[in-house]
Amino acid sequence: MNILMLLYKDIHYDARVKREALALAEAGHVVYIACIKEYKEPAPLLHKNIKIVHVAISVKSMKASISQQEMKSEKKSVVKNMLVWAVRRPIIKIIKDYIAYYEFYIKVKRLVDNVNVDAIHCHDLNTLWQGNMLAKDLKAKIIYDSHEIFNEMAGRNNLDRFVGYRMEKQLFRKIDYFVTVNAYLREYLFERNGKKPSVLIQNIPIVTKKQMSNSKTPETWNFNFKDDDYILLYQGGFSPYRGLELLIHSMEKLPINYKLVLIGSGVLKDELKNLVHTLNLSKKVFFHDQVPSDELIHYTQQAHIGLVMYEKVSKNNFYSTPNKIFEYIQAGIPCVSSNHPGKSVIINEYKTGVLAEETVEGIVKGINEIVNNYRFYQQNCLDAQKVLTWEDESKKLVELYKHL
């Protein structure tokens, strides 16, 4: 089959999309990934059957240009301030978003005009509208792959949610297959939109023997940690409501040889750095730039404990199973996590970490519990690695396309 995947961001750091495309390509399908051009670096070479189609979106290009200018200049002009204020108004944001979505649809349609597309695989709700139009144009099947509850993500305002839920309900009727990451998300979306043929594909990373054998490379980070330092790790987006401020405050309560490394990027990065400076924690908290997904294991394995302290402020945070839970398991490090269904379903079953209260005291208590019983939790991670594999998950995706 010729499969067109739609992704409304760049491919570089999206591990799930890479894995799914690779699984289908290895099964003999030809996969076109239409995604947004966000980075100057060339697209990764994934497989001979995978073609990456980059699309430049005017609104995103303008936003990136304004951000770069602001970084170069400490003083924002009055005009820029007014422009930023205006585009963040809910009604303006909705109009802007759908103009950009339509531009994405038009450009992708032109780029695949000569391809006989059999199926369109929409990654998240922000590609489903475009995917539905393309499916009509190309007479193709539609697969909706919901990585999370998109309408409940941080930053979505009430108007976003109202329009988003209405659109999702309308378009859900037209899909041929539904894919998501756990049973909680599936039941929530079925309850709102009705049932569809579905499959659950967990966010388990691909970890090769070569990656594991090379994981102790010294060039990954250069923070000059000592042998007796205890390294705590958060990897992922620096976004609101992920408990990052709580993690930093927790470092005030832990011994000097406990070090926190935050790997990633996002809107909160400067704010988090300022917090570290204010609390005088620069010798205990360290920041590292975002890392490509295929290199991340080299960094993760150098930590002792992984952290997943999402705050219970939305259904998405509550029901989601973040990639990092599986990444920590594959790296062989236990984790401290908030006690939400989407996280406890893995951590409780395999005993790969501790579920903690979303407070500084709760986090510190969870860290101490793992430190005091480290071999127990680490061995459980190693055992879980044998059961939780991408090889098994990928077979479900390949089988889905056989049914189509």
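Before going into details, it helps to say that this report is about the structure given with it. On a predicted model such as this, the values are computed, not experimentally measured, just so you know. Just so you know, the residues in each chain are numbered from 1, in the order the chain's sequence is written. With the structure being a predicted model, the display of local features is reserved for residues of pLDDT at least 70 and the display and counting of side-chain atom pairs for 80 or more, all residues being used for whole-chain, interface and lining totals. Note that water and hydrogens are dropped before the side-chain values are worked out from all heavy atoms of the structure.

Let's talk about unusual backbone geometry
Here Asn280, not a glycine, exhibits a phi torsion of approximately 60°, which is positive. The helix count covers DSSP runs of H or I at least four residues long, the strand count covers runs of E at least two residues long, and both are numbered beginning at the N terminus. Residue placement: Asn280 occurs in the loop between α10 (269-278) and β10 (285-288). One non-glycine residue with positive phi stands out, namely Lys351, at about 55°. Inspection of the secondary structure puts Lys351 in the loop between α14 (341-350) and β13 (353-356). Overall, the relative accessible area of 43% leaves Lys351 in the partly exposed class. Here the term buried applies to any residue with accessible area under 20% of the maximum for its type, exposed to any over 50%, and partly exposed to those in between, with areas from a 1.4 Å probe on protein chains only.

Looking at helix α7 (residues 183-193)
Buried residues of α7: Leu185, Arg186, Tyr188, Leu189, Phe190 and Asn193, and no others. Here a residue-residue contact requires only that any non-hydrogen atoms of the pair lie within 4.5 Å. As for α7, its buried residues are in contact with β5 (141-146), α6 (158-172), β6 (177-180), β7 (198-200) and α12 (315-319). Its side-chain oxygen 3.0 Å from the backbone nitrogen of Tyr184, Asn182 forms the N-cap of α7. Polar contact is defined as a pair of N or O atoms within 3.5 Å, subject to the rule that within protein one atom must be able to donate a hydrogen and the other to accept it, and that residues adjacent in sequence are counted only when both atoms are side-chain atoms.

Concerning the sheet that holds strand β3 (residues 50-55)
A strand pair is defined by DSSP finding two or more bridges across the two strands. Taken in spatial order, the seven strands make up an open sheet running β3-β2-β1-β4-β5-β6-β7, and their pairing is parallel. Edge positions in the open sheet fall to β3 and β7, since each of these has one partner strand only. The sheet shows a mean angle of 20° between the axes of neighbouring strands, taken without regard to direction. As judged from the six bridges shared by strand β2 (residues 30-36) and β3, these two strands associate in the parallel manner. Pairing of Ala34 across the sheet is with Val53, part of β3. Note on geometry: axes are C-alpha line fits, over the in-contact stretch for helices, and angles between N-to-C directions span 0 to 180 degrees.

Points about the sheet that holds strand β9 (residues 258-263)
Ordered by their spatial adjacency, six strands build an open sheet running β10-β9-β8-β11-β12-β13, and the pairing between neighbours is parallel. The open sheet has two free edges, formed respectively by β10 and β13, since each of these has just one partner strand. Each adjacent strand pair in this sheet contributes to an overall mean axis angle of 25°, direction not counted. Direction of pairing for β9 relative to β10: parallel, over a ladder of four bridges. In the sheet register, Leu262 faces β10, and the bridge partner there is Phe287.

Here's the deal with the packing of helix α13 (residues 323-331) against α14
Two elements in contact, α13 and α14, have axes separated by 10 Å at closest approach and are oriented at 20°. On the basis of their axis angle, the class for α13 and α14 is roughly parallel. As for how α13 packs across α14, the hand of that crossing is right-handed. Contact with α13, carried on its side by Ile325, Phe326 and Ile329, involves Lys343, Ile346 and Ile347 of α14 and no other residues of that element. Reported orientations rely on four angle classes, namely roughly parallel under 35 degrees, roughly antiparallel over 145, roughly perpendicular from 65 to 115, and oblique for the rest. For any helix crossing, the convention is left-handed if the near helix is rotated counterclockwise from the far helix by under a right angle, and right-handed if that rotation is clockwise.

Observations concerning the pairing of β6
Because side chains alternate across β6, one face comprises the buried residues Tyr177 and Val179, and the other comprises Phe178 and Thr180, equally buried. Bridge count between β6 and β7: three bridges; the pairing is parallel. Bridging from a neighbouring strand, Phe178 pairs with Ser198 of β7. When the strands point away from the viewer, a crossover counts as right-handed if the path from the first strand over the helix to the second runs clockwise. Considered for its hand, the β-α-β crossover made up of β6, α7 and β7 is right-handed.

Some thoughts on helix α16 (residues 374-387)
In this scheme, a helix's expected span is set at 1.5 Å multiplied by one less than its residue total. In this model, α16 (14 residues) spans 21 Å end to end at C-alpha, consistent with the 20 Å of a helix rising 1.5 Å per residue. Here α16 has its buried residues at Tyr374, Tyr377, Asn380, Cys381, Ala384 and Gln385. Down the axis of α16, the buried set is contained in an arc of 150°. They therefore lie on one face. Seen from the open side of α16, the exposed residues pointing more than 90 degrees away from its buried face are Arg375 and Lys386. On its buried face, α16 is in contact with β8 (230-235), β11 (305-308), α13, α14, β13 and α15 (360-372). Picture the helix axis, draw a direction to every C-beta atom, and the arc is the one those directions span.

So, the packing of helix α1 (residues 15-26) against helix α17 (residues 390-403)
The contact between α1 and α17 brings their axes to 9 Å, and the two run at 65°. As for how α1 packs across α17, the hand of that crossing is right-handed. Every residue of α17 that contacts α1 at Arg19, Glu20, Ala23 and Leu24 is listed here: Trp390, Ser394, Leu397, Val398 and Tyr401. Looking at side-chain class alone, the contact of α1 with α17 contains six nonpolar, one polar and two charged residues. Throughout this entry, Asp, Glu, Lys and Arg are counted as charged residues, while Ala, Val, Leu, Ile, Met, Phe, Trp, Tyr, Cys and Pro are counted as nonpolar. The remaining residues, Gly among them, count as polar.

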